[in-house]
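# Observations on the model geometry
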Amino acid sequence: MLNLRILILTLQLLAPLSVLLAKRLLKLTAPKTEVIITLKIRMLTLTIVRTRTMLVPMLEDLVFPEIVFFKVVQIIIHPKRYPVHIKMQKAWFYEVHGPKEVLKLGDFPIPYPGQNQLLVQVCAAALNPIDFKLRSNPLVFTDFPVVPGCDMAGIVVAKGDHVSRFEVGDEVYGNIQNFNAKGEFKQLGTLAQFIVVEENLVASKPNNLSFEEAASLPVAVQTAVEGFKTAGFKEGQTIFIVGGAGGVGTLAVQLAKQLYRASLVAATTSTAKVEFLKTLGADEVVDYTKTRYEEVKKKYDLVYDTIGESKNSYVVAKDSAPVIDITWPPSNPRAVHSSLTVSGEILENLRPCLESGKLTAVIDPAGPFHFCDVIKAFEYLETGRARGKVVISPFSVPYLTYEFRNSKLVPQRSFIGY
Ligand SMILES: NC(=O)c1ccc[n+]([C@@H]2O[C@H](COP(=O)([O-])OP(=O)(O)OC[C@H]3O[C@@H](n4cnc5c(N)ncnc54)[C@H](OP(=O)(O)O)[C@@H]3O)[C@@H](O)[C@H]2O)c1
């Protein structure tokens, strides 16, 4: 037993030292590389700890020195770089592709920002279908572990030397995953307490929006705006939105009415959400459980399909009218695929609309889901029935919780999954 304890402590000691060694030998200075090495070594150590924990449950408490040890080492390595006292954070992650059950909550080092990056304390995040699509399948090239999540709203707690638009303390929001730039997929997504993001990807949070409302917007609104742009939609035209009640659909309906001043906005949804779509500004709501596309009497200047039914929905388009399909691949060769542009500028441009209340964030009433309930939130989103956005908030996680064991109150592991 004692030998095992010594072995584990030695491994824990070697892990952070090998970061220093690797840096020296390979002359690695880039912060990103260092974080990746730290993460990898840390995951290796934790895997050993986990195996140990399974084999010898009595030694569970050894995990605590490991965590404490890592914090101390991080402080020694970078005493001034970290603006916050705690150098470790909680994050949801997966190490293999698969269903929501592959998600685990664990400890990660807090990254520090590169020259053009902000370190943001996340106050709220939102889920998007892309998050579970990436989790389920290897759609982008990335190393494990992956922390999912694109959307967030939070507070800047540190910034790189070349950041010019934001200060520490600013409230920002944005989509941190720049899908437009190849090779820039971040392993550390927004389901973490702290993230780094390039300043050009975020915007100042409008004062009238809560963190939850702001976090719900980026991916969906960037996608919605791009669809109108791709179609060349003009003021006074008519539009038929397939799937008006989802994350993208709720914003497309509002943008069509308020920003692009469509003369007629029609949208589809199921029976229970018909009235809801009218409150968002839809002039006509087609209940898809009762009416087929062929039965819709009018023809429209644009068919905007957020569901991937362009194979059938195109029939409501006027003869030469564009059919936009945001799903990939579009089910109709006539449809044009539209993909979001990731940029903080788009969010900044929408500020007047958001501040005047013309554009509102729609948060699904089942949420916001607590950070500890991320798996439940994914389960809900993956039903395909969400109304607006599935939001995660708050992000505070008690580091230690207590439980009664053998009539004694003892600390419980708060890092679920280990
Ligand atoms: N190209 C891009 O850049 C891009 C960006 C973002 C998202 N996307 C893709 O766009 C799709 C939609 O994203 P999202 O975030 O809006 O998804 P979402 O929020 O999960 O959509 C859920 C909504 O879809 C509605 N819905 C489901 N089946 C429907 C049908 N047959 N007809 C009408 N409405 C239906 C549901 O309403 P009911 O309960 O009433 O059915 C629900 O309100 C996803 O496939 C996503 O991956 C693409």
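Residues numbered from 1 in each chain as written. Predicted model: local features only at pLDDT ≥ 70, side-chain atom pairs only at ≥ 80, totals over all residues.

The next thing to look at is the site of the ligand. Lining the immediate surroundings of the ligand are 29 residues, of which Pro129, Ala245, Gly246, Gly247 and Ser270 lie closest. Of all the elements in the fold, those that place two or more residues in the shell around the ligand are helix H4 (129-136), helix H6 (218-231), helix H7 (247-259) and strand S9 (264-269). Of the residues contributing to the shell around the ligand, the split by class is 13 nonpolar, 13 polar and three charged. Looking at which domains feed residues into the shell around the ligand, each of domain 2 (88-216 + 364-403) and domain 3 (219-355) gives three or more. (Near = placed C-beta within 6 Å. Helix = DSSP H or I, 4+ residues; strand = E, 2+ residues; numbered from the N terminus. Nonpolar A, V, L, I, M, F, W, Y, C, P; charged D, E, K, R; others polar. Domains from an automatic or database assignment.)

Next up on the list: unusual backbone geometry. Going from phenylalanine 144 to proline 145, the amide bond is cis rather than trans, its omega being 0°. Positionally, proline 145 belongs in the loop between H4 and strand S4 (151-159). With an omega of 0°, the peptide bond running from serine 393 to proline 394 counts as cis. Examined against the element boundaries, proline 394 turns out to sit in the loop between strand S14 (390-392) and strand S15 (401-405). For arginine 261, which is not glycine, the phi torsion reads 45° and is therefore positive. Within the element layout of this structure, arginine 261 appears in the loop between H7 and S9. On the neighbour-count criterion, arginine 261 (11 C-beta atoms within 10 Å) is exposed. (Buried ≥ 20, exposed ≤ 12 C-beta atoms within 10 Å, placed from the backbone.)

Another point: the nonpolar core. Counting residues in each nonpolar core, the largest one holds 106 residues, and the members touching the most others are Val303 and Ile392. With nine residues, strand S3 (residues 117-127) is the largest single contributor of residues to this core. (Core = buried A, V, L, I, M, F, W, Y, C linked by C-beta atoms within 7 Å.)

The subject of this paragraph is the pairing of S3. Of all the 11 residues making up S3, 10 are buried; the element is thus mostly covered by neighbouring parts of the structure. Here five bridges tie S3 to strand S6 (residues 194-198), and the two strands are oriented antiparallel to one another. By the bridge assignment for S6, glutamine 117 is matched with glutamate 198. In terms of strand pairing, S3 meets S4 through eight bridges, oriented antiparallel. The residue bridging leucine 119 from the neighbouring strand is alanine 158, located in S4. Sheet topology places S3 next to S14; three bridges connect them, and they run antiparallel. Counterpart to leucine 127 in the pairing with S14 is valine 390. (Pairing = 2+ DSSP bridges.)

Attention now moves to the environment of leucine 264. For leucine 264, the position within the fold is in strand S9. Leucine 264 sits in the partly exposed class, given 17 other C-beta atoms within 10 Å. Along the backbone, leucine 264 and aspartate 301 are 37 residues apart, and their C-alpha atoms lie at a distance of 9.7 Å. Setting aside anything within four residues of it in sequence, one finds leucine 264 in contact with Thr238 and Asp283. (Contact = placed C-beta atoms within 7 Å.)

In this section: the environment of glutamate 171. Structurally, the position occupied by glutamate 171 is in strand S5 (residues 171-175). Note: C-alpha distance between glutamate 171 and valine 120 (51 residues apart in sequence) is 8.9 Å. Excluding anything up to four places from it in sequence, glutamate 171 contacts Ile155, Ser204 and Lys205.

For proline 330, the position within the fold is in the loop between strand S12 (323-325) and strand S13 (336-337). Put simply, proline 330 and glutamate 309 are 21 residues apart on the chain and 8.0 Å apart in space, counted from C-alpha to C-alpha. When near neighbours in sequence (up to four residues on either side) are disregarded, proline 330 contacts Ser310, Asp325, Ala335 and His337.

So, on to H6. With 14 residues, H6 should cover 20 Å at 1.5 Å per step; its first-to-last C-alpha distance of 20 Å lies within 8% of that length. Taken across its 14 residues, H6 has 11 buried, putting it largely inside the fold. Every buried residue of H6 is accounted for by Pro218, Val219, Ala220, Val221, Gln222, Thr223, Ala224, Val225, Gly227, Phe228 and Ala231. Among the structural elements, S4, S5, H7, strand S11 (302-305), S12 and helix H10 (344-349) are those in contact with the buried residues of H6. (Expected span 1.5 Å × (residues − 1).)

As a further point, take the confidence of the model for the protein chain. This prediction gives the protein chain a mean pLDDT of 84; 74% of its residues lie at or above 70. Long-range and interchain partners of residues 49-64, a stretch whose pLDDT sits below 50, account for 16 contacts in this model, where long-range means more than four residues apart. (pLDDT = per-residue confidence, 0-100.)

Look at H6 against H7: their axes get within 8 Å of each other, and the N-to-C directions meet at 50°. Viewed along their axes, H6 and H7 adopt a mutual orientation that is oblique. In this structure, the crossing between H6 and H7 has a hand that is right-handed. Between H6 and H7, the contacting residues are Ala220, Val221, Thr223, Ala224, Val225, Gly227 and Phe228 on the first element and Gly247, Val248, Leu251, Ala252 and Leu255 on the second. The residue makeup of the contact of H6 with H7, split by class, is nine nonpolar, three polar and no charged. (Axes fitted to C-alpha atoms, helices over the stretch in contact; angles between N-to-C directions. Parallel < 35°, antiparallel > 145°, perpendicular 65-115°, else oblique. Left-handed = near helix turned anticlockwise from the far one by under 90°.)

Attention now moves to the sheet that holds S12. As summarised here, the arrangement of the six strands in space is S10-S9-S8-S11-S12-S13, forming an open sheet in which the pairing is parallel. Looking at the sheet topology across the chains shown, the edges are occupied by strand S10 (284-287) and S13. The sheet contact formed by S9 and S10 spans four bridges and is parallel. Pairing of threonine 268 across the sheet is with valine 286, part of S10. Against the sheet, H6 makes contact with S11, S12 and S13, and its axis sits at roughly 150° relative to S12, the strand it touches most.

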